[in-house]
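Spelled out from the first residue to the last, the chains are:
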Amino acid sequence: MRAATSPLLLPGLGYSSVALLRNHITLLAVARSGIAAVEPIEGEGMAGRRGPVKSAVRPSRSGRFSDRNLELVLLLGAVLICCYGYAETALAVSGKLSPSMALTCLAAIALPVVCHGAVRRFAPHADPLILPLATLLSGLGLVLIHRLDLAYAAHYRHAAVAASGQLVWCVIAVVVFAAAVALLRDHRRLQRYPYVTITVGLVLLMAPAFYPGDVYGAKRWIFIGPLSFQPGEFVKIIIVVFFAGYLTLRRDALALAGRRLLGMYLPRGRQLGPVAAVWILSLLVLIFERDLGTSLIFFGLFVMMLYIATERTSWVVFGVVMFAVGAFVVGSFEPHVHGRVVAWLHPMDIFLPPDKRPAGLVSDQAAQALFSFGSGGILGTGLGQGHPELIGFAGRSDFILTTVGEELGLTGVTIVILLYALLAERGLRTALTVTDPFGKLLAGGLAAALVLQVFVVCGGVTGLIPLTGKALPFLAQGGSSMVANWLLVAVLIKVSDTARRPPPVPTADVSAAETQLVRP
């Protein structure tokens, strides 16, 4: 049974963790006040309905700290929070520190230093908040997975340990991050081969449908011997690169208005072709792979980037209607998708007798998630004091947010969502600051990909939308997700480095200088 805890009788452990997170968020907010801001200036840039706009960057920072030194200080704060959470979890559960804590804390210090060194060397003008935010989220993920390992070991026999494997994937992700920051000299190079990019993306997107492996009802994995990976995590980055290049060339045609209906300009018929193609492809993913999350992210990315490029609200309305109709039709006859919808509409019916349950309702995870959030209250039960094992096998994946809700409470969930929001805001700020159209769409698309994935995961766990099974970025267990999200951060850092780079100092024209006679 899940213990009900009153918010007035909480142990001090949960409050101290939340307090540390809250203080770090305050430091991040204060740091933003000195970071370069964007001011619209009439001139050049991406043109829209309201005319051309140019983004100018004020001087990056004045005072004692440079951007890279500020980044280093924030990284130190993120590491301290993660090490404290790791120690607090072990002390709350077993009363003693884990033997592997020294190695984990050493890795928690070394990995951000490697990332910081790569950024300082190859992207010295990058946004100083992006790397600390990603580091803090990844560290919190390691703390939560360690907490779940302890809970599963205490209640299930032969429970696998996942924290050590996740730490190995963090090392691999850091190596990929450093390599991407070092090798990607200019983000505009990604625009050179759009059709090769989309070909690779479509092959990875459709590959799980032809693979015999079927995990938990949705085909989203590819197995190669003992290894497995989720191609959909990398496809979102590839798709953003292609859409950015495609919309840079076609945005003027797609921005043309058609007939006016209910206060909106409908798109012209000839411009519906690309949207219809992406819509059909997303439905094919939903039908053959039974992956609602990937289908939603794939189509939602295109619609959001289309809005960024054209500023036409009608594209957003038209895209939402198209996906809603398609998902309703597919959910009516595809059993797995239909079961997701039934679990969303009737989560508590799982506790009825089997003969009275709705058809397709087979899991109590949605109900247990709601119980977790309810028992957590405002400040939570404290790390190590909840019952996350009741969620089952999915506790380390999309349902990892329920552990935050139960043991850190509504305050902890709010802070985690604010961390995601701040990371996305820095991506959108980069999109506003960078001057080239491809960079604007690339940074905006990467931020939109992060927002969409966080929305579909958090919305599914909290009961806002049906469950999708996607991994929560940086927090959830999964090598594919960790490596792909750190690759996303690397590309975003390179774009922000270009956006915040000061203009070159003009050289003096010697030929235009006045001739002076110098007498001995």
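See the structure above.
So, how was this worked out
Residues numbered from 1 in each chain as written. Predicted model: local features only at pLDDT ≥ 70, side-chain atom pairs only at ≥ 80, totals over all residues. Heavy atoms only, no water. Helix = DSSP H or I, 4+ residues; strand = E, 2+ residues; numbered from the N terminus. Buried < 20%, exposed > 50% of the residue type's maximum accessible area, 1.4 Å probe, protein only. Contact = heavy atoms within 4.5 Å. Phe/Tyr/Trp six-rings, centres within 6.5 Å; stacked < 30°, edge-to-face > 60°. Lys NZ or Arg CZ within 6 Å of the ring centre and 35° of its normal. Disulfide = S-S within 2.5 Å. 1 Å grid on protein atoms, 1.4 Å probe; cavity = no way out; pocket = protein on both sides within 12 Å on 5 of 7 lines; lining within 4 Å. Points joined across faces, edges and corners; volume = space filled by probe spheres on them. Nonpolar A, V, L, I, M, F, W, Y, C, P; charged D, E, K, R; others polar. Lys, Arg positive; Asp, Glu negative; His and termini not counted. Salt bridge = Lys/Arg side-chain N within 4 Å of Asp/Glu carboxyl O. Patch = residues over 30% accessible without salt bridge, like charges linked within 9 Å, V, L, I, M, F, W, Y side chains within 5 Å. Areas by Shrake-Rupley, 256 points an atom, 1.4 Å probe, with all protein chains shown as cover. Charge placed at Lys NZ, Arg CZ, Asp CG, Glu CD. Core = buried A, V, L, I, M, F, W, Y, C linked by side-chain atoms within 4.5 Å.

Structural notes on the overall build of the protein
Scanning the protein from N- to C-terminus turns up 16 helices and eight strands. Within the protein, buried positions represent 52% of all 520 residues. Pairs at least 24 apart in sequence give 73% of the contacts found in the protein among residues at least 6 apart.

What to know about the packing of aromatic side chains
With the rule as written, the count across this model stands at seven aromatic pairs. Between F242 and F243, the ring centres sit 5.8 Å apart and the planes meet at 50°, which makes this aromatic pair tilted. F243 matches F242 in its accessibility class, with the two residues each being buried. Arranged with centres 6.0 Å apart and planes meeting at 35°, the rings of F351 and F371 form a pair that is tilted. Here F351, found in the loop between α11 (335-345) and α12 (365-376), pairs with F371, found in helix α12; they are 20 residues apart in sequence, far enough to count as distant. For R121, the ring lying beneath its charged end belongs to F122, and the centroid distance is 4.9 Å.

Observations regarding the state of the cysteines
With the rule as written, the count across this model stands at zero disulfides. Cysteine C170 remains unbridged, with the sulfur of C115 as its closest cysteine sulfur at 9.9 Å.

Side note on empty space enclosed by the protein
Scanning the entire structure with this criterion turns up six cavities of 30 Å³ or more. Here the largest cavity is characterised by a volume of approximately 270 Å³. Forming the walls of the largest cavity are 22 residues, and the residues nearest its centre are A108, T135, S138, G139 and L142. Of all the elements in the fold, those that place two or more residues in the lining of the largest cavity are α2 (67-94), α3 (101-122), α4 (130-155), α5 (163-183) and α16 (479-500). Of all the elements, α3 adds the most residues to the lining of the largest cavity, at seven residues. Residues belonging to the lining of the largest cavity are distributed by class as follows: 18 nonpolar, four polar and no charged.

Some remarks on the side chain of D398
Mapped onto the fold, D398 is located in the loop between α12 and α13 (400-407). Buried D398, no salt bridge; nearest opposite-charge side chain is R340, N-O distance 5.2 Å. In contact with D398, not counting residues within four places along its chain, are V457, V461, L467, G469 and K470.

Topic: unusual backbone geometry
Phi is mostly negative for residues that are not glycine, and the peptide bonds are mostly trans. If you check the backbone angles, F474 has positive phi at about 70° while not being a glycine. Mapped onto the elements, F474 comes out in the loop between α15 (437-462) and α16.

Observations concerning the environment of F288
Here F288 is to be found in helix α8 (residues 272-288). The sequence separation of F288 and F210 amounts to 78 residues, and the corresponding C-alpha distance is 8.7 Å. When residues no more than four places from it in sequence are discounted, the contact partners of F288 are A209 and K219.

Here we look at a positive patch on the surface
Side chains of R121, R185, R189 and R192 sit close together on the surface and give a patch of like positive charge. Here R189 is to be found in the loop between α5 and α6 (194-206). Given the relative accessible area of 40%, R189 is considered partly exposed.

Section: the nonpolar core
Ranked by internal contacts, the top residues of the largest apolar core, which has 118 residues, are F177, Y420, L442, L472, F474, W486 and I493. Every residue in contact with Y420, bar those within four places of it in the chain, is listed here: L137, L450, V454, L472, P473, F474 and L475. A394, F399, V461 and L467 belong to the second largest nonpolar core, which has seven residues in total.

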